[in-house]
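# Commentary on secondary and tertiary structure
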Amino acid sequence: MSETRGTPPTDRLTEVFDLVGPLYRRAQRKVEQDAPIEGLSVGVRAVLNMLREHGPMTVPQMGREQALSRQFVQRMTNDAAARGLVETAPNPAHKRSSLIRLTEEGRAAIEAVIERERTVLRQAGGDLTEAEIETCLHVLSRLLRLLDDIDMD
């Protein structure tokens, strides 16, 4: 990473962290504003999207994947199950830790949310190049790996 405006790269990385917080909070607020359409909280949305992307998972697996506490993921999973968006399935690898999977209703709800989000992101990303997006993903992934040892439970 080269120096920009005479600022060392490590100082520029703090600028990334300074932007990620407000970006996350605004994105969370946008999901909450749109939630009445499907009735999804940000946490339930995260659970549904993980299951959409990865297939059936256990609550601990979802917690590790999203750096969320197992307890929080369990509450969000319970909320989703109460609404018929997810269901449990036997886990051949672990008798006491069921797999959680999307129901058809859950798949339809998360697909609708993702499509709405893509519509918003099309407005934001129109002038970004693939190289710029790839660089952004590289930097954020590297910063996330830096914090891999943080215990979320």
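The shown structure was predicted, so the numbers you read here are calculated from the model rather than taken from an experiment.

The helix and strand inventory of the protein chain stands at six helices and two strands. From first element to last, N terminus to C terminus, the protein chain shows the α and β order α-α-α-α-β-β-α-α. The burial tally for the protein chain puts 27% of its 153 residues in the buried class. Accessible surface computed for the protein chain: about 10700 Å², of which carbon and sulfur atoms make up 55%.

We now examine the nonpolar core. One recurring pattern in soluble globular proteins is that nonpolar side chains are buried together. Within the largest apolar cluster, 20 residues are counted, with the highest numbers of intra-cluster contacts made by L40, V44, L48, L51, M62, L85 and V86. Those elements giving two or more residues to this core turn out to be helix 2 (42-54), helix 3 (59-66), helix 4 (70-82), strand 2 (99-102) and helix 5 (104-125). In terms of residue count, helix 2 provides more of this core than any other element does, five residues in total.

Another point: the pattern of salt bridges. With the rule as written, the count across this model stands at four salt bridges. Among the salt bridges present, the one from E15 reaches R12, with a minimum N-O distance of 2.9 Å. Placement of the pair is E15 and R12 together in helix 1 (residues 9-38), with a separation of three residues, close to one helical turn. Of the charged contacts, one joins E117 and R45 as a salt bridge, the two residues approaching to 2.6 Å between their closest N and O atoms. Within this pair, whereas E117 is found in helix 5, its partner R45 is found in helix 2, the two being separated by 72 residues in sequence. For E117, a relative accessible area of 21% puts it in the partly exposed group.

Together, F17, L146, L147 and I150 give the surface a local cluster of nonpolar side chains, amounting to about 400 Å² of exposed area. On the secondary structure map, F17 appears in helix 1.

As a further point, take helix 2. In a regular helix each residue adds 1.5 Å, so 13 residues correspond to 18 Å; helix 2 covers 18 Å between its end C-alpha atoms and thus fits that length. Of all 13 residues in helix 2, 10 are buried, a share of seventy percent or more. Within helix 2, the full set of buried residues consists of V42, G43, V44, R45, A46, V47, L48, N49, M50 and L51. Looking one or two residues beyond helix 2, the residue adopting positive phi is G55, at roughly 80 degrees.

Cut-off values and rules
Throughout this document, residue positions are counted from 1 along each chain, in the order its sequence is written. The model is predicted, so local features are restricted to residues of pLDDT at least 70 and side-chain atom pairs to those at 80 or more, both for listing and for counting; the totals for chains, interfaces and linings are taken over all residues. Processing note: side-chain calculations cover all non-hydrogen atoms of the structure and skip hydrogens and water entirely. Strands are runs of DSSP state E lasting at least two residues, helices are runs of H or I lasting at least four, and both sets are numbered from the N terminus onward. Note on exposure labels: buried denotes an accessible area under 20% of the residue type's maximum, exposed denotes more than 50%, and partly exposed covers the range between, all computed with a 1.4 Å probe on protein chains only. The Shrake-Rupley method, run with a 1.4 Å probe, gives the accessible areas here. Residue values count only the displayed protein chains as cover. Buried residues of nine kinds, namely Ala, Val, Leu, Ile, Met, Phe, Trp, Tyr and Cys, make up a nonpolar core once their side-chain atoms join them within 4.5 Å. Every case where a carboxyl oxygen of Asp or Glu lies within 4 Å of a side-chain nitrogen of Lys or Arg is listed as a salt bridge. Patches draw on residues past 30% relative accessible area with no salt bridge. Two like charges within 9 Å are joined, as are two nonpolar side chains (Val, Leu, Ile, Met, Phe, Trp, Tyr) within 5 Å. Working rule for helices: expected span equals 1.5 Å times residues minus one.

No statement about biological role is implied by the geometric values presented.
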